[in-house]
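Fold and geometry: a report
So the chains spell out like this:
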Amino acid sequence: MSKRLIWLLTLLVTLALVAGCTGAATPEAEKPAATEEPAAEAPAATEEPAAEAPAATEEPAAEAPAATEEPAAEAPAAAGCTDAIGCVEIAAGDPIHIAWIATVSGGTAPLGTDNNRGVEIAIDDKGGELLGHPIELTGEDSLCSAEGGQTAGTKIAADPTIVGIIGTTCSSEARAAMPLISEAGMVMISPSNTNPDLTNPDHPDHHPGYLRTAHNDLFQGRVAAEFAYNELGLKTAATIHDGSPYAESLQAVFAEVFTELGGTITKQEAINVGDTDMSGVLRRIGADKPDIIYFPIFEPEGDFIAAQKCDIPELADTVMMGADGLTIDTFPEAAGECAIGMYLSGPYVQGQAYDDFVAKYVEKYGENPVSGFHAHAYDGANMIFAAIEKVAVQNADGSLSIGRQALRDAMYATKDFQGLTGKLSCDEFGDCATGEALAVFQLTEAEVVDGAWPPQPFWLPGGGEAAAPAAEGGEAMEAMAPPECTELTPVSLQLQWVAQSQFAGYYAAKAQGFFEEFCLDVTILEGAVDIVPQQVVASGQAQFGIAWVPKVLASREEGADLVNIAQVFQRSGTLEVSWADAPVATVADMKGKKVGTWGFGNEHELFAAMRKEGIDPNNPEDVEIIQQSFDMLALLNRELDAAQAMTYNEYAQVLEATNEETGELYQPEDLVVINFNDVGTAMLQDHVFVDGKWLAEEGNEQLAIQFLAAAFKGWQFCRDSFDECVQIVLDNGPTLGEGHMRWQLNEINKLIWPSPNGIGIMDPALWEQTATISVEGGVIKEAPSADAYRTDLAEAAHKFLSGDVTGQSWKAQTVEVTPGGE
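Note that the coordinates shown come from a computational prediction; the quantities given were computed from them, not determined experimentally. (Residues numbered from 1 in each chain as written. Predicted model: local features only at pLDDT ≥ 70, side-chain atom pairs only at ≥ 80, totals over all residues. Heavy atoms only, no water.)

1. Some remarks on the sheet that holds strand β13 (residues 393–394)
Spatially, the 3 strands line up as an open sheet ordered β1-β14-β13, and their pairing is antiparallel. Of all strands in the sheet, those with a lone pairing partner are β1 (87–90) and β13, marking the two edges. Against the sheet, helix α13 (residues 404–412) engages β1 and β14 (400–403), with an angle of about 65 degrees to β14. (Pairing = 2+ DSSP bridges. Helix = DSSP H or I, 4+ residues; strand = E, 2+ residues; numbered from the N terminus. Contact = heavy atoms within 4.5 Å. Axes fitted to C-alpha atoms, helices over the stretch in contact; angles between N-to-C directions.)

Shown next as structure tokens:
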């Protein structure tokens, strides 16, 4: 029996039995051909969008009635839902519920965040309402993975109030989510899925109700291959993918077209998501010395490939090219100078309407668009709005009835929709983009070294005119001005210890007026032994906290919704110190010794190092663990064989003490030091964290960006104005003297600078190492979820910074040790 016959029988049964709306019944109705019910017949929106944005109902606009007309006057009265797969009933005054499915955490967060911002601006341009009903926007984080897509899809599909969905961000998410979305009778339009299978009617990943404004990779892969072969004149190529539907299909299209043009594919390699060491795959590729490596994958794996390519001599002359998954403002700096000269294909939109959109984006979010598909998301949202206006039945009591199949039909029937990305016409399988909004970019020093973004287009498909790339060594974009304000917003920062140079950047930000520049009145709360910053922040007594990462992970597992928003310390400051005349020179030497630690969560690096050497820290026969006090008296009195110390504090206390035998201060050669960065069990320490629920409240993400921008400026000040920064700390009354504060600030700067990805940006490899040790050491039972840390807020804060944000050229001071730290 044919699907159409099944559908007709189902419809007859439905008409005979259903007296009211049936809700989201199983969707089996076929999509109509694209020639049915052309979108040009759609009524106009009830509100005229802002002048700068394209009207949501221009299909074509010349035939649309004036915005002041009442669509309800022409709409038939509802007489019970007769839609083949059900209706969404919206009571008078209730919102029209739109949802997003996007990756908004982890390394791919800029992609989803950028998409969602496009949707939010589309809602703003509608005045926040549609057909007299407010527009409600909610969403689910899909993590750019199949698992995340399935989880998000399950939650969205279970909510019968949702009318339409903008998503997903990644094709792997769509593959898992779309069967659930389709079964629920919903419609979803993606701004950034590009995998060809999703709109291929002969592929199992194709489902009714799916559309996209993003280009199909059948187009992008061809563009990349033609550019490499025809424009650059390259004849041999290798590809790398990460197993995702997006990357695997895109490199396959590239390889097929490149071969058709006359080129040779030397290798098609694969990596795993989560890999950090790319030397093996790059060496295999390097054996053939290809002209170009095409790797259309995401961050952070793409960062590592780009950065490590220069370590392979055989690839010295090989060109690199990525795709839209790496067309993100975080990629150039993360990849480093090896990325200078490489190419990226990705979205490119131009025109006055887009320029006006970008102006709204900058005004609303305080930065330029961070990725490439925001305009596609804006267009997708407006297409949903136009389709709702076309099919919604307005009832006499002010309620709405929106047929789910009717909404799908209207979406598939869209023709010549004038969006930011061009004229969009949807085919019967869901492809709506023409591919005209695409370009090839070349990264220069302006993007990689100076932080400029976005790059200028290097080449446009079809012979379009592209701007010349910026000259090497070009000036970085000017720092954005802090937001204007009439009053300061009060917030508090909870430290994890007393006033000292460990927190100098925050004191400097306050003393130098940086917090005030960013409209904040910041109260800095000192810590103590009995103060737990996680508890203070989770209880709402402070908005920002400073703590070590393992301690916050433990609090998260206990139920506190704490999120790392800036990893300020890029390396560990923990040492184990012993005497040169009785050395504990290696971790293996600790066997049978008395080894000190403070405990309270400070012992995990030490214990992990012991376990690596086969020493059980819980077995007194292996090692005697002594809980030491927060000073070095036990070591100075020879009560311990080795004692725990921080580079910036307790280690200096030993050097500041007098050797009774010589009458002079102890010297570094009197001591033997084990540094856990060298051992391989270093864990991330001081970072800025917030409560996730607080962060989700309206306006608080912007407050967090402002706080971080001011704090980062404080740390830049303490790096570049050492003496002035020490004096600021002294003015805040530390318990130890000037000499100790000078030593401490010098050592703290060593923990922060250089910050390879920019101050506050997480190193994913060290995060993974910290999380792994935390699990193995029993700090937490399971690895933290992907939303345990975010980089987007710190990246946004960078837009307000001038000068060096990485500290690559910074040199440490030579600090004189003073008796007692005075």
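2. A few points about the state of the cysteines
Under the defined criterion, the tally for this structure stands at 6 disulfides. Each sulfur of the disulfide joining Cys485 and Cys519 lies 2.3 Å from the other. Given an S-S torsion of about -100 degrees, the disulfide between Cys485 and Cys519 has left-handed geometry. With Cys485 in the loop between β18 (457–459) and β19 (489–494) and Cys519 in the loop between α16 (514–517) and β20 (520–525), the pair connects residues that are 34 residues apart, well separated along the chain. Judged by its relative accessible area of 41%, Cys485 falls in the partly exposed class. Paired through a disulfide, Cys718 and Cys725 show a sulfur-sulfur distance of 2.0 Å. Between Cys718 and Cys725, the S-S torsion sits near 65 degrees, and that sign places the bridge as right-handed. Exposure remark for Cys725: the relative accessible area of 0% places this residue in the buried category. Numbered by position along the chain, the disulfide-linked cysteines of the protein connect as 1-2, 3-4, 5-6, 7-8, 9-10, 11-12. (Disulfide = S-S within 2.5 Å. Buried < 20%, exposed > 50% of the residue type's maximum accessible area, 1.4 Å probe, protein only.)

3. Quick notes on the nonpolar core
Residues Tyr506, Phe544, Ile565, Val688, Phe707, Leu708 and Trp715 are the most contacted members of the largest nonpolar core, which totals 82 residues. For this core, the leading source of residues is helix α24 (residues 700–720), giving 12 residues. The residues touching Phe707, leaving out its near neighbours within four places in the chain, are Leu493, Phe515, Leu520, Val522, Phe544 and Val688. (Core = buried A, V, L, I, M, F, W, Y, C linked by side-chain atoms within 4.5 Å.)

4. What about the sheet that holds strand β23 (residues 574–579)?
Judged by pairing direction, the sheet is antiparallel, and its 3 strands sit side by side in the order β26-β23-β29 without closing on themselves. Two strands lie at the open edges of the sheet, namely β26 (643–646) and β29 (671–675), each paired on one side alone. Geometrically, the sheet is characterised by an average inter-axis angle of 40 degrees between neighbouring strands, direction not taken into account. Where β23 and β26 come together, 4 bridges link them in antiparallel fashion. When the bridges of β26 are listed, Val577 appears paired with Ala643.

5. Comments concerning the packing of helix α25 (residues 722–731) against helix α26 (residues 738–752)
As a packed pair, α25 and α26 sit with axes 10 Å apart at the nearest point and diverge in direction by 120 degrees. Classified by the angle between their axes, α25 and α26 sit oblique to one another. Between α25 and α26 lies a crossing whose hand is right-handed. Facing Phe722, Asp723, Cys725, Val726, Val729 and Leu730 of α25, the residues of α26 in contact are Glu738, Met741, Arg742, Leu745, Asn746 and Asn749. (Parallel < 35°, antiparallel > 145°, perpendicular 65-115°, else oblique. Left-handed = near helix turned anticlockwise from the far one by under 90°.)

6. Focus on unusual backbone geometry
For the bond running from Gly167 to Thr168, omega is -5 degrees, close enough to zero to count as cis. Geometrically, the link from Glu299 to Pro300 is a cis peptide bond, its omega value of 0 degrees lying close to zero. For Cys519, which is not glycine, the phi dihedral falls at a positive 65 degrees. For Cys519, a relative accessible area of 6% puts it in the buried group.

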